[in-house]
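Coordinate inspection notes
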Amino acid sequence: MTISTRRGLVAAVAALGLAFGASSAQAADIESIHFLIPGGAGGGWDGTARGTGEALTKAGIVGQASYENMSGGGGGKAIAHLIEIAGSADDTLMVNSTPIVIRSLQKVFPQSFRDLTPVASTIGDYAALVVNTDSDIQDFAQLSSAFKADPTKVSIGGGSVAGGMDHVVVAMVMKNAGGNPTDVKYVPYDAGGKAMAGLLSGEIQALSTGFGEAVELAKQDQVRILCVTSTARLDVAKDVPTCDEAGATGTEFVNWRGFFAAPGLSAEKQQAYIDAFEAMYKTEEWEAVRARNGWVNIFNPGEDFSAFLEKQEKEISDLMTELGFL
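Here we summarise the structure given alongside this text. (Residues numbered from 1 in each chain as written. Predicted model: local features only at pLDDT ≥ 70, side-chain atom pairs only at ≥ 80, totals over all residues. Heavy atoms only, no water.)

Quick notes on the side chain of Asn255
In this structure, Asn255 sits in strand E9 (residues 254-261). A relative accessible area of 5% means that Asn255 is categorised as buried. Side-chain polar atoms of Asn255 contact the side chain of Thr98, separated by 2.7 Å. Apart from residues lying up to four places away in sequence, Asn255 is in contact with Ser97, Thr98, Pro99, Ile123, Gly124, Asp125 and Met165. (Helix = DSSP H or I, 4+ residues; strand = E, 2+ residues; numbered from the N terminus. Buried < 20%, exposed > 50% of the residue type's maximum accessible area, 1.4 Å probe, protein only. Polar contact = N/O pair within 3.5 Å; in protein donor to acceptor, adjacent residues only side chain to side chain. Contact = heavy atoms within 4.5 Å.)

What follows is the structure, given as structure tokens:
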């Protein structure tokens, strides 16, 4: 994936600030960013926005960051709000991810990424299937066998609606393991935290969730990760097999996360945001946040981001049609 060339002045200012350890006020490329978060506290969007803001401000690339959680409509409320305030929202970035593509296809909300200004995808978070550490299910092979024997007895939850990303992931994994994806007994929750609570209370037998969220609970010995949808084992959890090696042949899925601005944002301001993210990757502050969350760096700025979204929309539409979700 290509990385845009930093403009001379911005590069000089950022390099000077990083080299001499200048304060945020002195070295900031951007005075402030207001992060609009389409979900509640504690979810993947919230963590992405706050982690990004933390790195940008601590590194002195952005002077200050503020955050606004705006749940509702599967993310549609925040999208509509950003469009509505477009005339005065040059300092606002909305975090989002693969669900903006899925929910637009499902007509959960009338808008799509085309109604916004795509700035950049910045990270990827693989998906994972997990069980409670008290579960009798020790590995993915056991979960797959139980599902094939009687799918009605295997409830698998997720923090999104039926046909949403978590559902698509588990259907894909079970299909690749030789099961019937339409037989998945999926239990939807309206937030990742509620879905995890459902797993820990025994309401569901397994959970489809983001790997970054799962790994933190695994460290606390609350969940056991059965497999991850990466193509190779991840350094942050080397004992966790990929879904491919666990028996779901060919499984690969990564949920990008990134940022959108309001429609009509100037090309100059869009480039300033892109430059800020590019500079962020080179900082120790970002590496600390990234490693803590188990994220993968995926920088896809501007027009490349738009092209990627077009491609992903086609691929997901085809998959969801095959699985009967569209």
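Re helix H8 (residues 192-201)
Taken together, the buried positions of H8 are Ala195, Met196, Gly198 and Leu199. Along H8, the residues classed as buried sweep out an arc of 155 degrees about the axis, all on the same side. Looking at H8, the residues exposed on the side facing more than 90 degrees away from the buried face are Gly193 and Ser201. Structurally, H8 contributes buried residues whose contacts are with strand E4 (117-132), strand E5 (155-158), strand E7 (206-210), helix H9 (211-219) and strand E8 (223-228). Just beyond H8, the residue with positive phi is Gly202, at close to 90 degrees. (Arc of directions from axis to C-beta.)

Focus: the pairing of E9
Among the eight residues of E9, seven are classified as buried, and the element is accordingly described as predominantly covered. In the sheet, strand E3 (residues 92-97) pairs with E9 via four bridges, with the strands oriented antiparallel. Residue pairing across strands places Ser97 opposite Arg257, the latter belonging to E9. Note that E4 and E9 share eight bridges and pair antiparallel. Counted as the bridge partner of Gly124 is Trp256 from E9. (Pairing = 2+ DSSP bridges.)

Examining the state of the cysteines
Per the counting criterion, the structure on display carries one disulfide. A sulfur-sulfur separation of 2.2 Å characterises the disulfide bridge that pairs Cys227 with Cys243. Every disulfide takes its handedness from the sign of the S-S torsion; for Cys227 and Cys243 that torsion is 75 degrees, giving right-handed. Taken together, the positions of Cys227 in strand E8 and Cys243 in helix H10 (residues 243-246) put the pair 16 residues apart, joining distant regions of the chain. The buried category is assigned to Cys243, whose relative accessible area is 0%. (Disulfide = S-S within 2.5 Å.)

What to know about the packing of helix H3 (residues 44-58) against helix H12 (residues 284-293)
Relative to each other, H3 and H12 sit at 160 degrees, their axes nearing to 8 Å. The angle between H3 and H12 places the two elements in the roughly antiparallel class. Note on packing geometry: the crossing formed by H3 with H12 is right-handed. Residues Gly51, Thr52, Glu54, Ala55 and Lys58 of H3 form the contact with H12, whose own contacting residues are Glu285, Trp286, Val289 and Arg292. Its residues assigned to classes, the contact of H3 with H12 shows three nonpolar, two polar and four charged. (Axes fitted to C-alpha atoms, helices over the stretch in contact; angles between N-to-C directions. Parallel < 35°, antiparallel > 145°, perpendicular 65-115°, else oblique. Left-handed = near helix turned anticlockwise from the far one by under 90°. Nonpolar A, V, L, I, M, F, W, Y, C, P; charged D, E, K, R; others polar.)

Some remarks on the nonpolar core
With 46 residues, the main nonpolar core has Met94, Ile100, Phe140, Leu143, Met174 and Phe260 as its most contacted residues. When residues of this core are traced back to their parent elements, those giving at least two are helix H4 (76-84), helix H5 (99-105), E4, helix H6 (140-149), helix H7 (165-176), E8, E9 and helix H13 (302-322). Sequence-distant contacts of Met94, that is, excluding residues within four places in its chain, are made with Leu36, Pro38, Ala78, Ile79, Leu82, Ile100, Leu116, Gly258, Phe259 and Phe260. Counting residues in hydrophobic clusters, the runner-up holds 30 residues, among them Ile33, Ile37, Ala55 and Phe277. (Core = buried A, V, L, I, M, F, W, Y, C linked by side-chain atoms within 4.5 Å.)

Some points on the packing of H3 against helix H11 (residues 267-280)
The description of two packed helices rests on the angle between their axes and on the distance between the axes. At a minimum axis distance of 10 Å, the contact between H3 and H11 shows a crossing angle of 80 degrees. With respect to their mutual orientation, H3 and H11 come out roughly perpendicular. When H3 is examined against H11, the residues Thr52, Ala55 and Leu56 are found in contact with a partner set consisting of Ala276, Phe277 and Met280. Class assignment for the residues of the contact of H3 with H11 results in five nonpolar, one polar and no charged.

Examining H11
Over its 14 residues, H11 extends 20 Å from the first C-alpha to the last, a length consistent with the 20 Å expected when each residue adds 1.5 Å. For H11, the buried fraction is high: 10 of the 14 residues fall into the buried class. Buried within H11 are the following residues: Gln270, Gln271, Tyr273, Ile274, Asp275, Ala276, Phe277, Glu278, Ala279 and Met280. (Expected span 1.5 Å × (residues − 1).)

What about the pattern of salt bridges?
The full count for this structure, using the stated rule, is 13 salt bridges. In this structure, Glu54 and Lys58 form a salt bridge, with 3.5 Å as the shortest nitrogen-oxygen distance. Separated by four residues within a single helix, Glu54 and Lys58 lie in helix H3, roughly one turn from each other. With a relative accessible area of 57%, Lys58 lands in the exposed category. The salt bridge involving Arg233 is made with Glu245; its shortest N-O contact spans 2.9 Å. Taken together, the residues span a long stretch of sequence, with Arg233 in the loop between E8 and H10 and Glu245 in helix H10 at a distance of 12 residues. Given a relative accessible area of 45%, Glu245 falls into the partly exposed group. Sharing partners across several salt bridges, the network here consists of Glu54, Lys58 and Arg292. (Salt bridge = Lys/Arg side-chain N within 4 Å of Asp/Glu carboxyl O.)

The quantities given are spatial measurements derived from coordinates; they are silent on function.
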